[in-house]
Amino acid sequence: MFEIESILIDNCITFSNRNLSWGATLSSYEDLFDLDFKFIGIELISDCKPPKNYIIIDHHNEYSSNKSSIEQVADLLNIRLSRYQTLVALNDSGYIPAMLNYGATIEEVSAIRKKDRMCQGVTLEEEKLAEKSISENMEIISGVPFIKSFTNRFSPIADRIYFEYPQFVIFDDISWFYSGGKAHKLADIFKKEVNVGLAYYGGSAKFGFLGMNDKFKEYYKNKIIEVIKHG
């Protein structure tokens, strides 16, 4: 979102950013609807009737086969992304493996991930809590780490363990997150949760993610283990 905003500013495109968190809704901008304008909603949940000539930009859940949101914006504006912007787009849609597959260096990957965490607002204290979570709260089941986090910021944990564990589960008392090649399979299993907005998923068939805004119950854990073991 930070990079999309930068692109819009560079191209003198009018936009409104209300700095909403994950789960942002279209109705949050309903007061701006005007039939004289074309509206483009970026990763907004359609919880109200959209304005005329409305375009949806998203790459999560039912839109997970789409390009990343940054690439969709670039296509609409008919502009070419820089290498840095391309890496940001790949990071957004396919995380570390997508960047590596593109030919990014370890230094570039590290820089993109560091900037990502900074944009999320991850603090130095949360970076330390991530290390503590890994050292004290990691359980390996069928070769996959299940880590209870001391912070609600999961990205500093994920970034630290990715190169050793291609799939993993991170959770706290109110949510959990799976990353790896079984994300779309899990999305099918947890389709009910996805449909009511409790869960979200994205990424490719080879590498994806699934998050749940719910406590990590034994039911979830057992289903994940079953999928990991039996596919």
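For clarity, every value in this text was computed on a predicted model and none was experimentally measured.

**Q** Please explain the packing of helix α1 (residues 2–10) against helix α2 (residues 69–77) as it appears in this structure.
**A** Axes are the key here: two packed helices are described by the angle between their axes and the distance separating the axes. The N-to-C vectors of α1 and α2 enclose an angle of 15 degrees; their axes lie 9 Å apart at closest approach. Here α1 is positioned roughly parallel relative to α2, judged by the angle of their axes. Of the two possible hands of crossing, α1 and α2 adopt the one that is right-handed. Every residue of α2 that contacts α1 at Glu3, Ile4, Ile7 and Leu8 is listed here: Ser69, Ile70, Val73 and Leu77. Across the contact of α1 with α2, the residue classes tally to 6 nonpolar, 1 polar and 1 charged.

**Q** Before we go on, may I ask you to explain the environment of Gly23 in this structure?
**A** Here Gly23 shows up in the loop between α1 and β1 (39–42). Taking relative accessible area as the criterion, Gly23 reaches 38% and is therefore assigned partly exposed. Residues Gly23 and Ala199 lie 176 residues apart in sequence; the distance between their C-alpha atoms is 10 Å.

**Q** What's the story with the packing of aromatic side chains in this structure? I'm lost.
**A** To describe a pair of aromatic rings, you give the distance between the ring centres and the angle between the ring planes. One pass over the full model with this rule turns up 13 aromatic pairs. With a centroid separation of 6.2 Å and an interplanar angle of 70 degrees, the aromatic rings of Phe190 and Tyr219 are classed as edge-to-face. With Phe190 in the loop between α7 (183–189) and α8 (191–195) and Tyr219 in helix α9 (residues 218–230), the pair connects residues that are 29 residues apart, well separated along the chain. For Tyr219, a relative accessible area of 43% translates into the label partly exposed. Summarising the aromatic geometry, the rings of Phe190 and Tyr220 are spaced 5.5 Å apart at their centres and angled 90 degrees between planes, so their arrangement reads as edge-to-face. Of the two residues, Phe190 is situated in the loop between α7 and α8 and Tyr220 in helix α9; the sequence distance between them amounts to 30 residues. Residue Phe190 is classed as buried on the basis of its relative accessible area of 0%. Taken together, Phe146, Phe171, Trp176, Phe190, Phe216, Tyr219 and Tyr220 form an aromatic cluster joined through their ring pairs. The ring centre of Phe150 lies 4.7 Å from the NZ or CZ of Lys132, which sits over that ring.

Criteria and cut-off values
- Residues numbered from 1 in each chain as written.
- Predicted model: local features only at pLDDT ≥ 70, side-chain atom pairs only at ≥ 80, totals over all residues.
- Heavy atoms only, no water.
- Axes fitted to C-alpha atoms, helices over the stretch in contact; angles between N-to-C directions.
- Helix = DSSP H or I, 4+ residues; strand = E, 2+ residues; numbered from the N terminus.
- Parallel < 35°, antiparallel > 145°, perpendicular 65-115°, else oblique.
- Left-handed = near helix turned anticlockwise from the far one by under 90°.
- Contact = heavy atoms within 4.5 Å.
- Nonpolar A, V, L, I, M, F, W, Y, C, P; charged D, E, K, R; others polar.
- Buried < 20%, exposed > 50% of the residue type's maximum accessible area, 1.4 Å probe, protein only.
- Phe/Tyr/Trp six-rings, centres within 6.5 Å; stacked < 30°, edge-to-face > 60°.
- Lys NZ or Arg CZ within 6 Å of the ring centre and 35° of its normal.

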